[in-house]
Amino acid sequence: MGFSCGIVGLPNVGKSTLFNALTATQAAEAANYPFCTIEPNVGRVAVPDDRLDRVAALAGSARTQPTQLDFVDIAGLVRGASKGEGLGNQFLAHIREVDAVVQVLRCFADDNVAHVEEAVDAPRDAAIVATELMLADLESLERRALPLTKKAHTGERDAKAELALIEPVLEALRQGRPARTVARPTGGKRGLHLLTDKPMLYVCNVDEADAVAGNAQTEAVAAMAAAEGAASVVISAQIEAEVALLSDAGERCEYLAQMGLDVSGLDRVVRAGYGLLHLITFFTANGTEARAWTVRRGTLAPGAGGTIHGDFERGFICAETITFDDYVACGGEAGARDAGKMRHEGRDYAVADGDVIRFRFNV
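Residues numbered from 1 in each chain as written. Predicted model: local features only at pLDDT ≥ 70, side-chain atom pairs only at ≥ 80, totals over all residues. Heavy atoms only, no water.

> In this structure, what is going on with unusual backbone geometry? I would like to understand it.
Among all residues save glycine, negative phi is the norm, and among peptide bonds the norm is trans. In this structure, asparagine 12 is a non-glycine residue whose phi angle is positive, near 65 degrees. Positionally, asparagine 12 belongs in the loop between β1 (4-8) and α1 (15-23). Its relative accessible area of 14% is what places asparagine 12 among the buried residues. Of note, histidine 278 is a non-glycine position whose phi angle comes to about 55 degrees, a positive value. In this structure, histidine 278 sits in the loop between α10 (265-276) and β8 (279-285). Look at histidine 278 and you get exposed, because its relative accessible area is 55%. (Helix = DSSP H or I, 4+ residues; strand = E, 2+ residues; numbered from the N terminus. Buried < 20%, exposed > 50% of the residue type's maximum accessible area, 1.4 Å probe, protein only.)

Next up, the structure:
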């Protein structure tokens, strides 16, 4: 099961620089002009998790395999994107395919880097993108509502039910509020396929001097995000790009320390994206490999097994489960079993973050 975050924003805010640093490649061209990214680049990024190494050491695993997120670098939006301005229609289609939106906001001034709106104003830039996404959703829903209204007037039950789902969202969009602010069943959200239903993370891109404390722009974005129920992080994409060029982990840590940073901004972005999608990690481990797996919070044991192999779900018998803390405290699987810390969970068990699991199945 793959999960993806689309990196969006106005041109020249640092999207491709961030993407390149995230994937430690130069797959996306970072250039000082709009629309340098024509097709979306996709990078698969390991989710940082120190627990995996500890599980591997206790299991005597020969190798580790972290869980991953996909990041999609989507070309810059401009005013009028919902009407096809710039390369708007293509970009909106790419956003529609991702699970969450990471919006990069320029929070630095640099006369050598052009700004499509001529001046730096991060909340205004966020509003431009939000408006274009809402206009695209509004147009989509209005087209959908028209035939449903006619059918509902004839008494068609399914049309009435769908219209009841759409109408409050239409009202919110007309008031300038994204679809995700309207409470609906999760299935209803999936059924509407709206851009503004997707969870949002604001990434404030600052210069090196503001990487630790941020600035007035990042403070304004943090307040905006809090009001929306969204999240925000502060990074310097330029610092992260330089860190990505260092192959030695010790050198990376030393460079970050020199900059006054105790953790990579990219780690914060990946973890925030993980949290944004309500994802958790469980582990499997043996002498060959220790591996981290991603599922949505609330996933039941058979479904979690199915992320490893379909047979685990079809022939599910039980999940032999140890919490991460018990796994470490007892020195691994054998110690946990001897101490009575291994549980045999059935079909109704919702997998918890950090569980170390061995699936029993029969097909």
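> Sorry if this is basic, but what is going on with the pattern of salt bridges here?
Pairing between side chains of opposite charge can happen when their charged atoms approach one another. Per the counting criterion, the structure on display carries 14 salt bridges. Between aspartate 49 and arginine 51 there is a salt bridge, with its nearest N and O atoms 2.8 Å apart. Shared partners join several salt bridges into a network, and the residues in it are Asp49, Arg51 and Asp353. (Salt bridge = Lys/Arg side-chain N within 4 Å of Asp/Glu carboxyl O.)

> Can you walk me through the side chain of glutamate 345 in this structure?
By the element assignment, glutamate 345 lies in strand β11 (residues 343-345). Under the relative-accessibility criterion, glutamate 345 is labelled buried at 17%. Filtering out sequence-adjacent residues up to four positions away, glutamate 345 remains in contact with Phe316, Cys318, Ala319 and Thr321. (Contact = heavy atoms within 4.5 Å.)

> What is the right way to read helix α7 (residues 216-228) from this model?
Working note: α-helix, 3.6 residues per turn, so residues spaced by three or four point in the same direction. The end-to-end C-alpha separation of α7 is 19 Å, in line with the 18 Å expected for 13 residues at 1.5 Å each. Buried residues along α7 sit in contact with β5 (100-106), α4 (122-153), β6 (200-205) and β7 (231-235). N-capping of α7 is provided by asparagine 215, with a side-chain oxygen placed 3.0 Å from the backbone N of glutamine 217. Phi turns positive, to about 75 degrees, at glycine 229, one or two residues after α7. (Expected span 1.5 Å × (residues − 1). Polar contact = N/O pair within 3.5 Å; in protein donor to acceptor, adjacent residues only side chain to side chain.)

> What should I look at first to understand the packing of helix α8 (residues 237-244) against helix α9 (residues 249-258) in this one?
For any two helices packed against each other, the geometry comes down to the angle between their axes and how far apart the axes lie. One can describe the packing of α8 onto α9 by two numbers: an axis separation of 10 Å at closest approach and a directional angle of 155 degrees. Comparing the axis directions of α8 and α9 gives the class roughly antiparallel. The interaxial crossing formed by α8 with α9 has right-handed handedness. Contacts between α8 and α9 involve Ile239, Glu242 and Val243 on the former and, on the latter, Arg252, Tyr255 and Leu256. In terms of residue class, the contact of α8 with α9 is built from four nonpolar, no polar and two charged. (Axes fitted to C-alpha atoms, helices over the stretch in contact; angles between N-to-C directions. Parallel < 35°, antiparallel > 145°, perpendicular 65-115°, else oblique. Left-handed = near helix turned anticlockwise from the far one by under 90°. Nonpolar A, V, L, I, M, F, W, Y, C, P; charged D, E, K, R; others polar.)

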